[in-house]
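Chain and residue survey
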Amino acid sequence: MNTTFFSRTVNVLFFSFLTLVSTIYLLERFGVELLKWRAGSSLLQTYTSALSSAGFEWASELNTIVVLLIFLCGGLLVSLLTAYLFGVIALFSSQIKRS
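Below, the structure is looked at part by part. (Residues numbered from 1 in each chain as written. Predicted model: local features only at pLDDT ≥ 70, side-chain atom pairs only at ≥ 80, totals over all residues. Heavy atoms only, no water.)

1. Points about the packing of helix α1 (residues 3–41) against helix α3 (residues 59–86)
Formally: Here, axes are lines fitted to C-alpha atoms. For helices the fit covers the stretch in contact, and angles between N-to-C directions go from 0 to 180 degrees. The way it works is that DSSP assigns letters per residue, a run of H or I at least four long becomes a helix, a run of E at least two long becomes a strand, and they are numbered from the N terminus. Angles are sorted into four bins: roughly parallel if under 35 degrees, roughly antiparallel if over 145, roughly perpendicular if 65 to 115, and oblique for all others. Left-handed describes a crossing whose near helix is turned anticlockwise from the far helix by less than a right angle; the clockwise case is right-handed. For this classification, Asp, Glu, Lys and Arg are treated as charged, while Ala, Val, Leu, Ile, Met, Phe, Trp, Tyr, Cys and Pro are nonpolar and the rest, including Gly, are polar.
Their axes nearest at 7 Å, the elements α1 and α3 cross at an angle of 135 degrees. On the basis of their axis angle, the class for α1 and α3 is oblique. In this structure, α1 crosses over α3, and the sense of that crossing is right-handed. Split into classes, the residues belonging to the contact of α1 with α3 amount to 16 nonpolar, nine polar and one charged.

Structure representation (structure tokens):
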């Protein structure tokens, strides 16, 4: 087996796990506050409540999907910054790192 392939596979698995863990942490830490804020001041929340009260059952799932996407993006950002910190990726470098 190629060592570069194995190394890249381990890196992908590590940062996928890191993204999952950081997403779960962000949901646990800031989930309630975000839900309270969205319930009080969100146009999407009002729109989906109106749709679900009008009989569209799928509209209530949009709020859950939006919250999960917000925290998934946060988890990806944490994972990207961690990769940059460990030097796995070079964001602002003119040279591409080769394994």
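After that view, the rundown keeps rolling.
2. Focus: the environment of F17
Heads up, the rule is: For every residue, the accessible area obtained with a 1.4 Å probe (protein chains only) is divided by the maximum for its type, and the residue is called buried under 20%, exposed over 50%, and partly exposed between those limits.
Position of F17 relative to the elements: it lies in helix α1. We classify F17 as exposed; its relative accessible area is 54%. As for F17 and S79, which are separated by 62 residues in sequence, their C-alpha atoms are 9.1 Å apart.

3. Focus: the side chain of S79
Which entries qualify depends on this criterion: The contact definition used throughout considers only heavy atoms, calling two residues in contact when any of these lie within 4.5 Å.
Looking at the element boundaries, S79 is found in helix α3. Look at S79 and you get buried, because its relative accessible area is 6%. Apart from the residues lying within four places of it in its own chain, the contact partners of S79 are F15, L18 and T19.

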